[in-house]
Amino acid sequence: MESKVTYTVSADPLAHLYTITMRFVPPPGPWVDLMLPVWTPGSYMVREYSRHVQDFTCLLPWTKRNKNTWRIQVPADTAEVTVSYRVYALELTVRTSHLDNTHGYFNGACLFLLCAPWRAVPHDLEILLPHPDWQITTALTQQAGNHFRAVDYDQLVDSPVEMGTHSVHRFEVLDKTHRLAIWGQGNYDIPSMLRDITRIIETTASIFGGLPYPEYLFIVHAADNYGGLEHANSTSLLYPRLNFQPQSKYERFLQLVAHEFFHTWNIKRLRPDTLDSFDYSQENYVSVLWFCEGGTAYYDEFICMRAGFYDDRRYLQLLSEAITRLETTPGKDVQSLTQSSFDAWIKLYRPDENSLNSSISYYLKGQVVMLLLDLFLRARGQGSLDTVFQELWRRYQSRGAAYSEVELWAVIEGVAGDLTGFYKYFIQGTQPLPYNEFLEPFGLHLTSEVEGFPYTGLRLGEDKPVLKAVETGSAAQQAGLCPGDELIALNGLRVTTKNWSDLLKCYAPGTRVVLTCFRRDELRSFELLLGDPQPSRYTLTPLPKLTAQQRTLYQAWLGKACSGSG
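Here is a short report on the structure shown in this document. (Residues numbered from 1 in each chain as written. Predicted model: local features only at pLDDT ≥ 70, side-chain atom pairs only at ≥ 80, totals over all residues. Heavy atoms only, no water.)

## A word on the pairing of strand β26 (residues 512-519)
Here four bridges tie strand β24 (residues 486-490) to β26, and the two strands are oriented antiparallel to one another. Directly across from E486, in β26, lies its bridge partner F518. Hairpin connection of β26 to strand β27 (residues 522-529): two residues between the antiparallel strands, including R520 at a positive phi of 50°. (Pairing = 2+ DSSP bridges. Helix = DSSP H or I, 4+ residues; strand = E, 2+ residues; numbered from the N terminus.)

## Examining the environment of Y299
With respect to the element layout, Y299 can be found in helix α6 (residues 294-306). Exposure remark for Y299: the relative accessible area of 0% places this residue in the buried category. One polar contact links Y299 to D386, side chain to side chain, over a distance of 2.5 Å. (Buried < 20%, exposed > 50% of the residue type's maximum accessible area, 1.4 Å probe, protein only. Polar contact = N/O pair within 3.5 Å; in protein donor to acceptor, adjacent residues only side chain to side chain.)

## Considerations on the sheet that holds β27
If you trace the four strands from one edge of the open sheet to the other, you get β25-β24-β26-β27, paired in antiparallel fashion. Both edges of this open sheet fall to β25 (493-494) and β27, since each of them pairs with a single strand only.

## Regarding the packing of aromatic side chains
Taken as a whole and judged by the stated rule, the model has 48 aromatic pairs. For the ring pair Y213 and F261, a centre distance of 6.2 Å and an interplane angle of 75° mean the geometry is edge-to-face. Remark: F261 occurs in helix α4 (residues 247-262) and Y213 occurs in the loop between α3 (190-208) and β18 (215-223); sequence separation between them is 48 residues. Under the relative-accessibility criterion, Y213 is labelled buried at 1%. (Phe/Tyr/Trp six-rings, centres within 6.5 Å; stacked < 30°, edge-to-face > 60°.)

## Here we look at the sheet that holds strand β9 (residues 103-106)
One open sheet accounts for four strands, arranged β8-β9-β15-β12; its pairing is antiparallel. Of all strands in the sheet, those with a lone pairing partner are β8 (98-100) and β12 (135-138), marking the two edges. Each neighbouring strand pair of the sheet contributes to a mean axis angle of 15°, computed without reference to strand direction. Alignment of β8 against β9, held across three bridges, turns out to be antiparallel. Across the sheet, residue H98 finds its bridge partner in β9, namely Y105. (Axes fitted to C-alpha atoms, helices over the stretch in contact; angles between N-to-C directions.)

## A few points about the pairing of strand β15 (residues 161-164)
Burial along β15 is two-sided: V161 and M163 facing one way and E162 and G164 facing the other are all buried. Pairing geometry for β9 and β15, over four bridges, is antiparallel. Bridge pairing in β15 places F106 opposite V161. Where β12 and β15 come together, four bridges link them in antiparallel fashion.

Structure (C-alpha cells):
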C-alpha cells in the first residue's frame with residue numbers, strides 16, 4: 001500500500017527546534033482534523049506535547065479547535081495538503097524529545113500530527129540532517145538514504161529516532177540482528193555491555209521460546225538522569241554517565257535493560273484490551289498495570305540473577321530492599337493495586353507531599369505481589385510465573401488479541417487454581433501481605449529491624465532538614481507539623497540532616513520534646529510525644545534448619561542450594 005502521509009523533519013540544533021512538514025492526501029470531506037498526542041504509550045501521564053508546537057502554517061484555511069487539534073478546510077479539488085510547524089525540544093527524557101548541537105532524539109508522539117482517517121496506512125518519514133557527519137538510527141524500515149517507512153501511525157509513534165555522531169554496535173543473538181546505539185560520554189565498556197545485553201536477551205527469550213521481532217535496537221543516552229521506555233522493536237534507556245562502573249552501579253543499568261526488554265512481550269505484545277488501540281487524545285485507563293509493570297519489575301532483577309550477574313544472596317538482598325520500601329510506605333494501607341493502576345495518570349507521575357500516605361506504586365507493590373504469586377505456584381508444584389506468561393503468550397499472541405482483566409485472571413487461575421482470596425485481599429484490597437506463609441516452603445523467613453531511635457513520623461529531605469512528608473496519624477502530625485517546615489532545633493539543639501537521628505537517640509520513647517522550625521519564615525515551636533521505634537528494615541533470611549523439600553524448592557527457584565544450616 002502506498003503511503004498517504006509523509007513527514008519531513010529538519011533540525012535547528014542551536015534553537016532546539018524541529019521543523020516538521022506534513023504532506024498528505026486529503027480524506028473525503030470538506031475538512032480534516034490533525035491532532036498531536038497528549039501522551040506517549042508506556043508513560044501514563046498526559047504531557048501536553050502540543051505546548052511545544054509553534055509556527056503552524058498551511059496555505060489552506062485553518063483554525064485551532066482545541067489545545068492539540070488543528071482543523072484544515074479542504075476544497076473538493078485538493079490533491080494534497082501540506083502543513084508545516086516547529087516543535088521546541090530541550091527535554092532529555094525517554095518520553096520527550098531533545099535537540100542540541102551534539103545530537104537529536106525524538107519520540108513520534110511529540111512531533112507527528114495524526115490524520116485519523118489514515119491512521120492505519122503506511123506513513124513515510126524523511127529526515128534532513130543538520131550536519132553531514134550525523135547519522136540516523138531507528139527501528140523503522142529504511143527505504144533509501146534518509147527515508148523510512150512505518151506500517152501505520154502507531155508504529156511511527158512507537159519508533160523513536162536518534163540522530164547525531166553516536167556510536168552504533170551491531171551484534172547477533174539467536175540468529176537475529178541487534179543494535180546498540182549510545183550517545184554521551186561515560187565510563188561504560190562497550191564489549192561488556194554487548195556481552196551482558198546478549199545474556200539478558202538469551203535469558204528472556206528462553207522464557208518465551210524465542211524472539212518475536214525481526215531486529216531490535218537499544219538506544220542508550222549516557223547523561224545525568226535515569227529512565228527507560230519500551231517499544232515493540234526498540235527501547236530508549238537513559239542512565240547516569242558515570243554509573244556504568246563499579247559493578248554495584250552497573251547492576252542497575254542491567255536491570256533497566258532487562259526491565260524494558262521484558263516489555264517486548266509484557267505490554268507490547270501481551271497487552272490489556274484498554275491498550276489494544278491507543279487513544280492519543282486522552283487518558284487510556286488500565287487496571288492491570290500491577291501485572292504489566294509490577295510483573296516486569298519482578299522479572300528485571302530475577303532475569304539478571306538468572307543471567308549470572310549476581311548470586312542468590314544478592315538477589316534476596318534486592319528483594320528485601322523492595323519489601324522494605326513497600327512496608328515503610330503508609331499508602332500501602334490506603335490504595336490497592338487496582339486503584340494504583342487505574343490512577344496512574346493522576347498519581348504515580350505527579351507525587352506530592354501526601355503521596356507517601358495516600359498511594360502506593362504499582363511497580364513496587366506489583367513486584368512484591370508477583371514474587372508471592374511465583375512462590376505460591378512453585379510451592380504447589382503448578383509451574384511458576386514463567387508458566388503464566390507462557391500460557392498468556394500461547395493464547396493471546398497466537399490470536400493477535402489483547403486480554404481483559406477477567407481473562408488475565410482466568411489465565412493465572414488456570415495455572416494456579418482458585419486464587420479468589422489472593423485477588424480480593426492483595427490486588428483489589430489493602431490487607432497486609434503474609435510474607436512468611438509464602439516464604440516458609442522455600443526455607444526463608446522475613447525478619448524486621450526497628451529504628452535505633454524513637455518514632456516521630458517525620459520524613460526529612462536529603463540536603464537540609466525540611467520536612468518532605470509527615471506520616472498520617474503520627475505524633476508529628478498530631479503536634480501540628482506539616483510538609484515544608486524547616487527544622488531548626490530539638491530541645492534547643494540545632495537540627496541537621498546528619499545529626500537528626502543522633503539527637504533522637506538521646507530520648508526514650510514517651511518523652512515529650514520541643515521542635516522549633518520555620519514555616520514560611522515564621523518561627524514556630526511544637527511539642528512532640530516520641531513514639532516507639534518502628535521497623536525500618538526487612539530482610540529475607542534462611543531458616544535455621546531446612547527440610548529436603550525446602551532445599552529442593554529453593555534451588556529450583558534460585559538455581560543454587562540455600563545456605564541455611566541444618
